[in-house]
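# Structure at a glance
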Number of protein chains: 2
Amino acid sequence: MGLSSIKKTVLKKIKPSIKEEERELKVAEEIITKLKNTLPKNYKVRLTGSVAKGTFLKNSADLDIFILVPTSVRKDKLFGIVENAAKKAFPKNKSEVKYAEHPYVRLEGFGRRVDLVPAYEITYIEERASAVDRSVLHTGYINGQIKEREKDEVRLLKQFLKMHDLYGAEIKVQGFSGYLCELLILEYGTFFNLLKDAEKWKFPFSIDLEKYYNSEEDVLKRFETKNITVVDPVDKNRDVSSIVSDEVLYRFMVVARSFLKKPSKKFFERRRFDSRKTKAYLKRHANLFSFSFNHPSIVDDILWGQLRKLGKRIVKYLSDLDFTILDYYLHSDGGKITILIESLERELPEKIPILGPKVSDGRNIELFKKAHKSAVLYLNKGRIVAIENRKKTTFENSVKEFFKKERNLPSYLSRNLRKGKLDKKIKKDVLEGYFFWRKVFRE
Amino acid sequence: MGLSSIKKTVLKKIKPSIKEEERELKVAEEIITKLKNTLPKNYKVRLTGSVAKGTFLKNSADLDIFILVPTSVRKDKLFGIVENAAKKAFPKNKSEVKYAEHPYVRLEGFGRRVDLVPAYEITYIEERASAVDRSVLHTGYINGQIKEREKDEVRLLKQFLKMHDLYGAEIKVQGFSGYLCELLILEYGTFFNLLKDAEKWKFPFSIDLEKYYNSEEDVLKRFETKNITVVDPVDKNRDVSSIVSDEVLYRFMVVARSFLKKPSKKFFERRRFDSRKTKAYLKRHANLFSFSFNHPSIVDDILWGQLRKLGKRIVKYLSDLDFTILDYYLHSDGGKITILIESLERELPEKIPILGPKVSDGRNIELFKKAHKSAVLYLNKGRIVAIENRKKTTFENSVKEFFKKERNLPSYLSRNLRKGKLDKKIKKDVLEGYFFWRKVFRE
């Protein structure tokens, strides 16, 4: 299938109809009008996000409505203003408090996500008092720059990323935000051009649409990021890609290459899970271990921030014990959190050689001998070596020990972690998620 | 026990009585006289070695008798001259041909080793035509330099080294030669001073008794040896310690430190083998494997040269397969040769991760994927990783494979090696040798 027909077929599925787009804008308009009526005249209400920019995907329109107050209003009053407006304008709709950098209101009862976010009205980024203030400027920038045909390219990119779990700036994903997708298309013109470049990205590299900096070197000096920097066109001190994890970047490059090698509409669909293939994979794999504990009641961003820390800590702990950790995977189903770890070894040798000082270093030789009193000592290439008994030899016991005794576990997880257990059987959805993540080279 | 009483006690055991010394010299004198009578008048006969220098140990006097011919005699005539002289002078004694740099005669029937070695008569080292020509000059040098009390120090050193398998320049030992012992005592004055210095030897370092070189730096530049250089006082281009292996040096330093920490006459006796302790050791040890094959009929120096190569090769082979080799030991009882190998692992994990190129390196990613078609591939820190099945997982099979299939085995050993077998039980003398060698830090 040729590239343009793939594009056509995919867009047919993911691009909202004109009718759908009009409907979304109409709903937004109605909400905005009602809110305006309850708010002082000098307060503005603005639609932002992908609906405002015309880059949303079919059936996934979310309304981000910003209530812009004058900068003279005190910051601690913002949320109350929005909450009151919501109650007055929509007395029958339930609402929920949500937290980003500051609290905002999620309105229920519209058949779609509707967020009411308080912000200051600013024209220049220098006036901003909080991160959300930028959003309105983002919408303005994109609407001023993007061509109609580029909106389709943004949609293709978003769908492509979504189907590979690479889309979304939440900490759980650490992927590409919608705004980043738009900027990338502005930079590369088309989805295809972006992929062609991405497959051979050499890090670190940067994108600076507004040419705020004289050279790439200057950008990298300013941001000191390891891999990619995308300078925000409305705020030259911000890197739009800072949330994107290395892992997500690498996976994007790999999937880009697979697509370019053999373009197919399959890349825009969720890969189906083949349980027979998975079983075969599993058989050929090293040792998989699954540990579960109860979900603490905290918001997703905090949870996933802590889970990522936990993942890194457990891998370091096991690696320090000499286990070869091939990969690990974090999963939450809302009730249970599961850590899946793949290790080369199920068991380590009972003995461990510990390299000591050189034979000429008498003082340290004596200290080493004292420290390894019961060990077998011998010489190897001019250094003393102690053969000690390894304290932990099985993988399972080592992980159990980690959960029981490790200090400084992420604070919100530690209590539940202590009661964590080794799963006798790996849950199907965990395994699916793991293999989805793992099979990146087998498109 | 104080140092001087240790010295006294030990010397009592190892120093030949005046009577023994006189007897040795008398035997030598008789042999020399008989040889002289059968040789042309302008040929000289000289006693060299430790008897000539008065540094031999009780009950270990060996007679090294050199037959010195004028430099006008052709080199290929030398052996014939000595052989004929031996037959004429001692018609009833059997003799054997031995080989060093060139052949010489070992005379039997004297109750001690008697070697008749042909050499050119030289006064200056520049005239020498073969390595043995130096020996007479060595004897002359030592006799001209050594003080009577220093001879005892040489004896203490020799005995100390012998009891720890560190004495002898043959390739099997790669240890300290008698001449090296004498030079070390000339340098340090006493056995004790030598030990005090040796325990903290920092390599590379050198000894240049005759100050042939301006500085240590010059010596090291000339010889490019890794560890120790002892310039031969009769040949400034020769390093007397070149045969000494690193292993022997390190062990000498360790034993020196043990002695200095707690001086005892035990250091001058063979350490007794405690089979109960050894069993306990064995239990706490990693995996010991013993492989044996038949002794080829070659001389010791060639055999041990090849065995050392074999040892290094097998350790490299196993290490490349990921086994952690703690130590190995080579043993020959004249009939069987045994290689004892201590490995941390008895078995390796079935899977092995193979690190591939970076994700941005498309060409090599494709090559890597082709090379690992059936492997599980995944991403790790921006690089592709293949999980392959390991071909050899058990230690025993790996060694068997080495013996069966390894190319370029040392030539004299290869045929017998191919028929080598894994020993079900480790022979007692092999184990003893191994533990003797291993227990260096547990004096």
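Under the annotation held in an unreviewed UniProt entry, chain A carries the name CCA-adding enzyme and is attributed to uncultured marine group II/III euryarchaeote KM3_195_B08. Under Subunit (unreviewed entry), UniProt gives the following word-for-word description of chain A: "Homodimer." If you open the UniProt record of chain A and go to Sequence similarities (unreviewed entry), you find "Belongs to the tRNA nucleotidyltransferase/poly(A) polymerase family. Archaeal CCA-adding enzyme subfamily."

### Focus: the sheet that holds strand β7 (residues 228-232) of chain A
Residue and element names in this part refer to chain A. Spatially, three strands are ordered β6-β7-β8 in an open sheet, and the strand pairing comes out mixed. The open sheet has two free edges, formed respectively by β6 (205-207) and β8 (235-239), since each of these has just one partner strand. Going across the sheet, the axis of each strand differs from the next one's by a mean of 25 degrees, ignoring polarity. As paired elements, β6 and β7 share three bridges and run parallel to each other. By the bridge assignment for β7, Ile207 is matched with Val230.

### Digging into the domain arrangement of chain A
Note: interface size is frequently given as the accessible area lost on complex formation between the parts. Residues and elements named next belong to chain A. What the domain assignment reports for chain A is domain 1 (16-134), domain 2 (146-268), domain 3 (275-347 + 392-441) and domain 4 (351-389). Computed from C-alpha atoms alone, the centre-to-centre distance between domain 1 and domain 2 is 27 Å. Tallying the contact residues gives 12 residues for domain 1 and 13 residues for domain 2. Of the roughly 990 Å² buried between domain 1 and domain 2 on both sides combined, carbon and sulfur atoms contribute 50%. It is Thr55, Leu57 and Arg134 in domain 1 that bury the most area against domain 2; as a group they hold 54% of the surface buried on that side. Between the two partners, domain 1 and domain 2, sit two salt bridges. One salt bridge in this structure joins Lys53 and Glu182, with 2.8 Å as the shortest N-O distance. Split by residue class, the side of domain 1 that touches domain 2 holds four nonpolar, four polar and four charged.

### Some details on the pattern of salt bridges
Residues and elements named next belong to chain A. According to the stated counting rule, one finds 53 salt bridges over all chains in the structure shown. Here Glu148 and Lys151 are joined by a salt bridge, their closest N and O atoms 3.4 Å apart. Note that Glu148 and Lys151 are positioned in helix α6 (residues 148-162) at a spacing of three residues, about one turn of the helix. Among the residues examined, Glu148 registers a relative accessible area of 59% and is labelled exposed. What makes Lys151 buried here is its relative accessible area of 14%. Among the salt bridges present, the one from Lys428 reaches Glu432, with a minimum N-O distance of 2.8 Å. Placement of both Lys428 and Glu432 in helix α16 (residues 428-438) is noted, with a separation of four residues, approximately one turn of the helix. Among the ionic contacts, a cluster of salt bridges with common partners joins Asp62, Asp64, Arg106, Arg113 and Asp115.

### Section: the packing of helix α12 (residues 300-320) of chain B against helix α14 (residues 395-405) of chain B
All names here are of chain B. Put simply, α12 and α14 touch, their axes get as near as 11 Å, and they point 130 degrees apart. Between α12 and α14, the angle is such that the two are oblique. Between α12 and α14 the crossing geometry is right-handed. Counted together, Leu310, Arg313, Ile314, Tyr317 and Leu318 of α12 and Phe395, Ser398, Val399, Glu401, Phe402 and Phe403 of α14 form the full contact between these two elements. Residue classes in the contact of α12 with α14 are distributed as eight nonpolar, one polar and two charged.

### Section: the relation of the copies chain B and chain A
Overlaying chain B on chain A yields an RMSD of 0.1 Å, the required transformation being a rotation through 180 degrees with an accompanying axial translation of 0.0 Å. Taken together, the rotation and translation describe the operation of a two-fold axis. Relative to the rotation axis, the C-alpha of B:Leu348 is the closest in chain B, positioned 4.6 Å from it. The overlap is high: 100% of the interface residues of chain B also sit at the interface in chain A, so the same surface is used on both sides.

Quick notes on the rules
- Residues numbered from 1 in each chain as written.
- Chains lettered and ligands numbered in written order.
- Predicted model: local features only at pLDDT ≥ 70, side-chain atom pairs only at ≥ 80, totals over all residues.
- Heavy atoms only, no water.
- UniProt positions renumbered as here; feature names shortened; annotations may be inferred.
- Pairing = 2+ DSSP bridges.
- Helix = DSSP H or I, 4+ residues; strand = E, 2+ residues; numbered from the N terminus.
- Axes fitted to C-alpha atoms, helices over the stretch in contact; angles between N-to-C directions.
- Domains from an automatic or database assignment.
- Contact = heavy atoms within 4.5 Å.
- Buried area = accessible area lost by both parts, 1.4 Å probe.
- Salt bridge = Lys/Arg side-chain N within 4 Å of Asp/Glu carboxyl O.
- Nonpolar A, V, L, I, M, F, W, Y, C, P; charged D, E, K, R; others polar.
- Buried < 20%, exposed > 50% of the residue type's maximum accessible area, 1.4 Å probe, protein only.
- Parallel < 35°, antiparallel > 145°, perpendicular 65-115°, else oblique.
- Left-handed = near helix turned anticlockwise from the far one by under 90°.
- Least-squares fit on C-alpha atoms with pLDDT ≥ 70 in both.

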